[in-house]
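Inside the fold
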Amino acid sequence: MQLCRLYLHAQMSSTHEGEALNLSPLPLAVFVVDADGTIASWNKACEKLAGYTAADIRSKRLDEIIEFDAIAGSSPAVPLTIAVRVELDSTGQLRCADGRCLPVRITIAPQSLDPEQTGAFSVIVIPRAGQVPPRYALIQDLPTADIIEGLPCVFYVIDQSGHLLLWNHQLEAALEMTSEELPTCEVQYFFDERERQEVVQKILDAFEHGHSSHEAELIGKHGKRTSLLFHCARTSLGDLPVIFGTGLDISARKQTEQGLRVRERAIYSSVNAIVITCCEGGDNKIEYVNPAFEQMTGYALAEIKGRNPRFMRIEGCDVAEHRRIHDALRKRQSVQVILRNARKNGEVFWNDLRIDPVSNIDGEVTHFVAIINDITEARHYERRLHHLAHHDPLTGLANRTLLQDELKFSIDFAVRNKVLGALAFLDLDNFKHINDNFGHDAGDVVLREIAGRLKLSVRDNDTVARVGGDEFVLVINNQPGDEQLADLIERIRLRVSAPITVGGRDILPSTSIGVARFPVDGDTVDRVMRAADAAMYHAKAMGKNNCQFYSSELNQIVHQHLMLEASLSRAIGNHEMVLGYQPKVDLRTGKVVGAEALVRWNHPESGMVPPDQFIPVAEQTGLIVPLGEWVIVEACGALKALARLGIDDFVISVNLSARQLRQRQFAASLARILKREGIDPRNLELEVTESQLMDHPDEAMQALAELKTLGVRLSIDDFGTGYSSLSHLQKFPVDFIKIDRSFLGEVAHDGHAVITRAIIALGHNLKLKVIAEGVETLEQLTFLRDHDCDQMQGYYFSPALSQQSLEEMVCSDTRLPG
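**As for the packing of aromatic side chains**
Going through the model one piece at a time under the given rule, you end up with 5 aromatic pairs. For the ring pair Tyr156 and Phe230, a centre distance of 6.1 Å and an interplane angle of 70 degrees mean the geometry is edge-to-face. Separated by 74 residues along the polypeptide, Tyr156 in strand 7 (residues 154-159) and Phe230 in strand 10 (residues 225-237) bring together distant segments of the chain. Considered together, Tyr156 and Phe230 belong to a single accessibility category, that of buried residues.

Below you can see the structure in the form of structure tokens.
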């Protein structure tokens, strides 16, 4: 390119009048004329093309040399004032010195692109019949033409009017125009309208200052766009100032730059923090951070540029992750870690950090790019989820999942170190009653209070868990011995049983505790948990609010209990239950006036199972509800059978369990049974124990009132064994009280006789009838008659009978001897 410029400059240096250059004919003639049409200067091409000497041309007018073809609306002699307003493109005849008229194409335009510089015009004359492409008209015989044509860029020569005098084929390709079209076009129109003013200014700068450079986009005739980097310099052709230059295609660079701008904007706008470090002398110094980094850490680029990013690390924290980063940087490899760093304000935050190397064209790693994602909230959320997955949401205690993990660790530790540990199951007694009577909110308060008491009762390395609605578990580690362990469990029981005030009311909780020791009672999680559960089950059976330790004998009892429970659940459906009816006798007449229905279990393997063995199991498991309903239905069937025999004043009593009495819909269910079976409610008597009534007197009062509304009879069973007050007894809507058999053991004994007489007198004073159960001797019978007891039942008269035997007794009017 430099060779081309020098060669052209040497060949096209300015020439004055009469000076000649040793150039071959240059058929592209350029004249400069003033406003009157007088020729002011010309190039050698004018002399060569027309055959005139400098003396011939001097002071001639343009119309003496060129004859313009007629243009519509004008004469052949074209006034130059037309060209002042518009660029003129025309045809005509060039009058040569030898008399020839050469057909030419003529372009007239103001000599300067600057609208403030007027009065001179460029006239470009191109032979129309020439065989040489116009772009080589100036240099057709020069070897420079081959050089320019072979340039890998656009080449051009422009006069002050902004027209092309010389160009190569690359410019034609970029503009999608032919060589015949280009000379008549002003170069500013090769560009987008938004760029034209700048392009014109750059051309003027080159004329004024000798050179200029700029970037612009050429637009082809058919819309093709080519980005070029233009460099141009000033020279002259004869007296005609021109600029020549090159345009290097930078479209690929522009696309790359645009891609870089997009990526730079993406980095700038990224919500993730981005750090770019430069590898210098074995160190990695910060070269760039994006706004997200500044916002995340509080550090601005200006204050940390040139520092190693390790200044944010927390010493002694996440050491293994820092070692991984160090090794990856040393090996020039990618790495991803999760660690903690410190913000400028000292706050610790969690990073999900990925670092990748960046290599130059030679494959040498020169930079590292780090992307930092602040996962502090996510980590906190994970911890919350982990806590929720391993803790009870109400009390904050460990749940069953965490309990098993902690228990396994404690058992392994005890086995390995030969120390004693314990697992205690705590089940709150009558917690359902607390929920039903005080509300579930109060129940939650009780649970949280007990959780707090349990945590205060053990050490930090022990575990307190809640595994059910009212079930808690303790894992107690490293105990000195059984005696100390027993003392601790008893203290815990007493602390749990302390009153809890809720809404101004005192609630008295109690708990049944089962304890298993490890590794004495088991060396696996499953064995120890089963042992503690068995001990707790036994504590419940022993009357609640007590503590039981596991033993092999206890395991046998519990095993039998569980087997009994499983068999009992099948017994009702398999019709293994049978009812016996023990007659009740009127002591004044000796007549059988009623009977108590007593359920028995006819076990297919064990034979007849007494009620005291299976009724408690039924109560604990809830099987008492379907069993009690079955008893009522069977009793109604017996009453229907007696009615068919003409006996319609007979009363059968049925024992009612505490669970049945607490059923909200029990009265409605009983009403449906009586209606379905067609039984007069006055023929059915329901017996409830004194302790059932006094456990929850208000609740019992409401339940009894609903039953009394149905018309059934009500009686208090085992009277005298509870702690009922006279005021409560007066309010209960009952018809009978039954003297417990324990008071008839030895009626001759003054203490028993006094209590029995008092119960009979109390009942009569309250307008209640009194029944004595468990009468087995004549002495007992005589005592009861002497003190006006109303009815009796017991082996002295008859054991429990089958329904058929009862029917036969009643129909035969069998009576108690007087």
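**Details of the sheet that holds strand 16 (residues 365-374)**
The antiparallel open sheet is built from 5 strands, whose spatial order is 13-12-16-15-14. With one partner strand each, in any of the chains shown, strand 13 (283-289) and strand 14 (335-342) form the two edges of the open sheet. Between one strand axis and the next, the sheet turns through 35 degrees on average, direction left out of account. The sheet contacts of helix 13 (residues 376-390) involve strand 14, strand 15 (348-359) and strand 16, and relative to strand 15 the element is tilted by about 130 degrees.

**Section: the sheet that holds strand 8 (residues 164-167)**
Read across the open sheet, the 5 strands follow the order 8-7-11-10-9; overall the sheet is antiparallel. Looking at the sheet topology across the chains shown, the edges are occupied by strand 8 and strand 9 (211-219). Averaged over all adjacent pairs, the angle separating strand axes in this sheet is 25 degrees, with direction ignored. Summarising the sheet, strand 9 and strand 10 pair through 9 bridges and their orientation is antiparallel. By the bridge assignment, Leu218 is partnered in strand 10 with Thr226. Taken strand by strand, helix 8 (residues 193-209) contacts strand 7, strand 9, strand 10 and strand 11 (240-249), and its axis lies near 150 degrees from that of strand 9. Sheet contacts for helix 9 (residues 251-269): strand 9, strand 10 and strand 11; angle to strand 10, the most-contacted strand, approximately 130 degrees.

**Some details on the pattern of salt bridges**
If you walk through the whole model with that rule in mind, you get 43 salt bridges. Taking the shortest distance from any N to any O, the salt bridge between Asp427 and Lys540 comes out at 2.6 Å. Remark: Lys540 occurs in helix 18 (residues 525-541) and Asp427 occurs in strand 17 (residues 420-428); sequence separation between them is 113 residues. The residues Asp427 and Lys540 share a single accessibility class, namely buried. Each member of the salt-bridge network shares a partner with another, and the members are Lys584, Glu596, Glu685, Glu687, Lys738 and Glu773.

**So, the side chain of Glu576**
Within the secondary structure, Glu576 is located in the loop between helix 19 (552-571) and strand 24 (577-586). Those residues within four positions of Glu576 in sequence are excluded, and the remaining contacts are Ala571, Arg600, Trp601, Asn602, His603 and Pro604.

**Observations regarding the nonpolar core**
Ranked by size, the top nonpolar core spans 78 residues in total, and within it Phe650, Leu670, Leu686, Leu707 and Leu784 carry the most contacts. By residue number, the principal contributor to this core is helix 21 (residues 624-644), which donates 9 residues. In this view, Leu707 contacts Leu656, Leu661, Phe666, Ala667, Leu670, Leu686, Val712 and Leu714; residues no more than four positions away in its chain are not counted. Counting 28 residues, the second-largest nonpolar core is a separate cluster that includes Leu426, Leu488, Ile507 and Ile513.

So, how was this worked out
- Residues numbered from 1 in each chain as written.
- Predicted model: local features only at pLDDT ≥ 70, side-chain atom pairs only at ≥ 80, totals over all residues.
- Heavy atoms only, no water.
- Phe/Tyr/Trp six-rings, centres within 6.5 Å; stacked < 30°, edge-to-face > 60°.
- Helix = DSSP H or I, 4+ residues; strand = E, 2+ residues; numbered from the N terminus.
- Buried < 20%, exposed > 50% of the residue type's maximum accessible area, 1.4 Å probe, protein only.
- Pairing = 2+ DSSP bridges.
- Axes fitted to C-alpha atoms, helices over the stretch in contact; angles between N-to-C directions.
- Contact = heavy atoms within 4.5 Å.
- Salt bridge = Lys/Arg side-chain N within 4 Å of Asp/Glu carboxyl O.
- Core = buried A, V, L, I, M, F, W, Y, C linked by side-chain atoms within 4.5 Å.

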